[in-house]
Amino acid sequence: MPILVYAESDQGIFKKSTQELISFARAMADQMNTEVIAAVTQDPSSADLGQYGAHKVLNLENTLLSTFNAELVADALSQVARATGATTVIVSSSANSRYMAPLLAVSLEAGYVPNVIGLPETYTPITVAHNVFTNKATAFTTLQSGISILGLSKNAYGVHQYETNAEITPHEVTLTSSSVEITSLDKASNKVMIADAEVVVSAGRGLKGPENWGMIEELAEVMGAATACSKPVSDLGWRPHSEHVGQTGKPVASNLYIAIGISGAIQHLAGINSSKVKVVINTDPDAPFFKAADYGIVGDAFEIVPDLIQKLREFKAQNA
Amino acid sequence: MKILVCISHVPDTTSKINFNADQTAFDTAGVQYVINPNDEFGLTRALWLKEKQGATIHVVNVGGPETEPTLRKALAIGADEAIRVNQPATDGYSVAQALSAIVQEGQYDLVIAGRESIDYNGGMVPGMLAKICGYAFVNTCIGLEIEGSSVTAVREIDGGKENLKTTLPLVIGGQKGLVEESDLRIPNMRGIMQARTKPLHVKQTENINSMSQTLRYEKPAPKQAVTLVENAEQLINLLHNEAKVI
Ligand SMILES: Cc1cc2nc3c(=O)[nH]c(=O)nc-3n(C[C@H](O)[C@H](O)[C@H](O)COP(=O)(O)OP(=O)(O)OC[C@H]3O[C@@H](n4cnc5c(N)ncnc54)[C@H](O)[C@@H]3O)c2cc1C
Ligand SMILES: Nc1ncnc2c1ncn2[C@@H]1O[C@H](COP(=O)(O)O)[C@@H](O)[C@H]1O
């Protein structure tokens, strides 16, 4: 019974999370003696998913899939799952996949576990570890359904290289129009998104006011990072809501999270905990963030951040 | 317009997360429960719709009797009636099934749920509910306008937002943005008094099945102490050579 992966792409390019999903599926498939089928909707021919472990790529040919619509993607994937006999479907933690997966679960009468952080600990039935309580704990859950849908947490498994020759075949799906119509899209094209970012530079009320965010943006630019902020900063209107991270904001699972002038309240830490390496810069050595961080500097952001920007530029010049 | 707001009863955000001795269940000792923050934004948006264009607002929770104070709080904030489906919330699928029975019986035009509950973080109940009921669905909804049965909505996506058009009946997975933090309402004395006499119906459902079962929980291993550095140069050095993240 093959494993089906929803291989999301953005403007014709497969995201790193997609590569990770495929590697994860491949490790499962090797255990289950089966193969990995990647379903793509926009035919990004640039990358070969075989190198991450896919055996087959199905190109879902239907113009209705040219822009993301959760209902239609769920409908298409449920047809593919039925046609291929897949009993496991792997999706990412992107906003789109989280929107789509519950619809797919009902169509397939499948169990769905999001925030999965590693390979199953048992395969028949599937039991997986996943984050709960906004990363304050891990749950081990068994799926009791014929088909299982696993939503992999970002950066939980990593990208692995394979030398598989993935054969690409067109696959037809029949879709009717959706009850939800997308009328326009408002997307900053040049900004690194928190959801995809390897590095996130985040600042809090310690920065005193919105006029001081220039250096935060500059630091993010030097690091190729996304910018984020604490909740009060967005509530005060210093930064857009879309940058609010934490338990009630966006989750962050980057490789590196740099917190500047953020105290480290429990609700903030909950949302950023699954980042691999955490750095704090804060004037107060007793700020709770120091208990959660891997590296810290006790000091004034207004002195340290400009220095950090300059030293990083030098570092980059040397390591280029 | 009939609006149903789904209310998840969750530990307060400051709660320490502990489990029972054999690690199979959440330890509720000393934990304060609140309306799930995403649902509180949704409830406030529902009140605005009621005030502007008229609506009845019902709130619903799937859970045991211990969730009733949370439902009473929603009544005190302004909902008209509450429903508790007397069933343990074992997994997202079973909760969505139980809610679908309520939605179908009540013929609601609009169902407002939250993007996710902050306890089990499933983010799955609203979508499953929509699909079971055959309602349209908008997730991570940060804007909602209704005229007759036409709906315009805004959805937060990774790195931006998307404007959508749809029709009632509709389920949304809401969050901050539907209303702002400062728009949230604290129950006043009059609301609390009124809530005592507003109806709270307890219902049973049948033929509910779970798709998954949680066997045990673990807490993360204690963290190593922070490495303090003096300056930017040392930090870059450690991030490069030790942590290998730059
Ligand atoms: C229901 C609920 C949900 C919440 N959800 C979230 C959430 O999702 N995300 C979130 O972030 N918060 C959340 N909060 C808020 C949270 O409790 C904290 O209030 C918030 O995280 C604090 O933000 P802050 O660290 O920016 O500000 P503060 O707590 O004011 O901290 C500012 C820090 O900056 C430091 N500082 C000051 N000057 C400097 C300087 N020159 N250089 C360096 N450091 C400096 C100070 O020492 C201090 O530690 C929630 C709260 C509630 C009640
Ligand atoms: N037991 C429940 N009773 C009522 N509504 C619920 C329940 N569980 C989840 N919901 C609703 O579904 C949303 C998403 O929850 P979840 O899928 O558990 O993350 C919540 O914000 C609620 O609106």
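Residue indices begin from 1 for each chain and proceed along its sequence in written order. Labels follow written order: the first chain is A, the first ligand is 1, and so on. Local features in this predicted model are restricted to residues whose pLDDT is 70 or higher, and side-chain atom pairs enter the listing and the counts only when it is 80 or higher, whereas totals over whole chains, interfaces and linings include all residues. Hydrogens and waters are ignored; side-chain quantities use all the structure's heavy atoms.

Asker: Whenever I open this one, the site of ligand 1 confuses me. Can you help?
Answerer: Consider each residue's heavy atoms; a residue with any of them within 4 Å of a molecule or strand counts as near. The environment of ligand 1 is formed by 28 residues, the closest being S230, S263, Q267, H268 and N282 of chain A. Residue neighbours of ligand 1 fall on chains A and B, so the site bridges chains. Side-chain polar atom of H244 of chain A to an oxygen atom of ligand 1: 3.0 Å apart, as the coordinates give it. Computed with the Shrake-Rupley method and a 1.4 Å probe, the accessible areas treat only the protein chains shown as cover for residues. Isolated, ligand 1 exposes 980 Å² of accessible area, and the fraction of that covered by the protein chains is 77%. Residue classes follow a fixed rule: Ala, Val, Leu, Ile, Met, Phe, Trp, Tyr, Cys and Pro count as nonpolar, while Asp, Glu, Lys and Arg count as charged, and any other residue, Gly among them, counts as polar. Looking at the shell around ligand 1, its residues break down into 7 nonpolar, 16 polar and 5 charged. Any pair of nitrogen or oxygen atoms within 3.5 Å is treated as a polar contact; in protein, a donor-acceptor pairing is required on top of that, and neighbouring residues in sequence qualify only through side-chain atoms on both sides.

Asker: Please explain the packing of helix α3 (residues 95-108) of chain A against helix α4 (residues 125-133) of chain B as it appears in this structure.
Answerer: Between two packed helices, the angle of one axis relative to the other and the distance separating the axes together describe the packing. It is the contact of α3 of chain A with α4 of chain B, at a shortest axis distance of 7 Å, that shows an interaxial angle of 45°. As judged from the angle between their axes, α3 of chain A and α4 of chain B are oblique. The hand of the α3 of chain A/α4 of chain B crossing is right-handed. Together, P102, L103, A105, V106 and S107 of chain A of α3 of chain A and G127, M128, K131 and I132 of chain B of α4 of chain B make up the contact between the two elements. Across the contact of α3 of chain A with α4 of chain B, the residue classes break down as 6 nonpolar, 2 polar and 1 charged. Note on geometry: axes are lines fitted to C-alpha atoms, helical ones only across the stretch in contact, with angles between N-to-C directions running from 0 to 180 degrees. Strands here mean DSSP runs of E at least two residues long; helices mean DSSP runs of H or I at least four residues long; both are numbered from the N terminus. For classification, angles of less than 35 degrees are called roughly parallel, those exceeding 145 degrees roughly antiparallel, those between 65 and 115 degrees roughly perpendicular, and all remaining angles oblique. For a crossing to be left-handed, the near helix must be turned anticlockwise from the far one by less than a right angle; the clockwise case is right-handed. The criterion used for residue contact is that any of the two residues' heavy atoms lie within 4.5 Å.

Asker: Whenever I open this one, the site of ligand 2 confuses me. Can you help?
Answerer: Residue and element names in this part refer to chain B. Lining the immediate environment of ligand 2, one finds 19 residues, of which D39, V62, S117, G123 and M124 sit closest. The contact in question runs from a nitrogen atom of ligand 2 to an N or O atom on the backbone of V62, over 2.8 Å. In isolation ligand 2 offers 480 Å² of accessible surface; the protein chains occlude 94% of this area. The greatest single-element share of the shell around ligand 2, amounting to 3 residues, is contributed by strand β4 (residues 56-63). For the shell around ligand 2, the residue count by class is 10 nonpolar, 7 polar and 2 charged.

Asker: Can you help me understand the domain arrangement of chain A in this one?
Answerer: Accessible area lost upon the coming together of the parts is a frequently used measure of interface size. Residue and element names in this part refer to chain A. Residue ranges for the domains originate in an automatic or database domain assignment. Looking at chain A, the domain boundaries give domain 1 (3-172) and domain 2 (194-318). Placing the centre of domain 1 and that of domain 2 at their C-alpha centroids yields a distance of 31 Å. Taken together, the contact pairs 8 residues of domain 1 with 15 residues of domain 2. Buried surface area refers to the total accessible area, computed with a probe of radius 1.4 Å, that the two partners give up upon joining, counted for both partners together. Carbon and sulfur atoms supply 36% of the area that domain 1 and domain 2 bury against each other, a total of about 950 Å² over both sides. Salt bridges, as used here, are contacts in which a Lys or Arg side-chain nitrogen is within 4 Å of a carboxyl oxygen on Asp or Glu. Summed over the shared surface of domain 1 and domain 2, the number is 1 salt bridge. The salt bridge partner of E198 is K16, with a shortest N-O separation of 3.0 Å. Linking domain 1 with domain 2 are 8 residue pairs in polar contact (both at pLDDT 80 or more). The residue inventory of the side of domain 1 that touches domain 2, partitioned by class, reads no nonpolar, 4 polar and 4 charged.

Asker: Hey, could you run me through empty space enclosed by the protein in this one?
Answerer: Take a probe with the size of a water molecule and roll it over the atoms, and the empty space left behind shows itself. The definitions used throughout rest on a 1 Å grid laid over the protein atoms alone, on which a cavity is an enclosed set of points accommodating a 1.4 Å probe that cannot get out and a pocket is an open set flanked by protein within 12 Å on both sides along at least five of seven lines; lining residues are those having an atom within 4 Å of a point. Grid points are joined across faces, edges and corners, and a volume is the space filled by probe spheres set on the points. Tallied over the full model, the rule gives 1 cavity of 30 Å³ or more. Taken as a whole, the largest cavity encloses approximately 40 Å³ of empty space. Every residue lining the largest cavity is listed: F133, K136 and Q247 of chain A together with P11, D12, T13, I17, I118 and D119 of chain B. For the lining of the largest cavity, a count of residues per class yields 4 nonpolar, 2 polar and 3 charged.

Asker: Just to check I follow, could you spell out the environment of L43 of chain B for this structure?
Answerer: Residues and elements named next belong to chain B. In this fold, L43 is placed in helix α1 (residues 37-53). The spacing of L43 and I7 is 36 residues in sequence and 8.6 Å in space, taken between C-alpha atoms. Discounting chain neighbours no more than four positions away, the residues touching L43 are V5, I57, V59, A74, I77 and A79.

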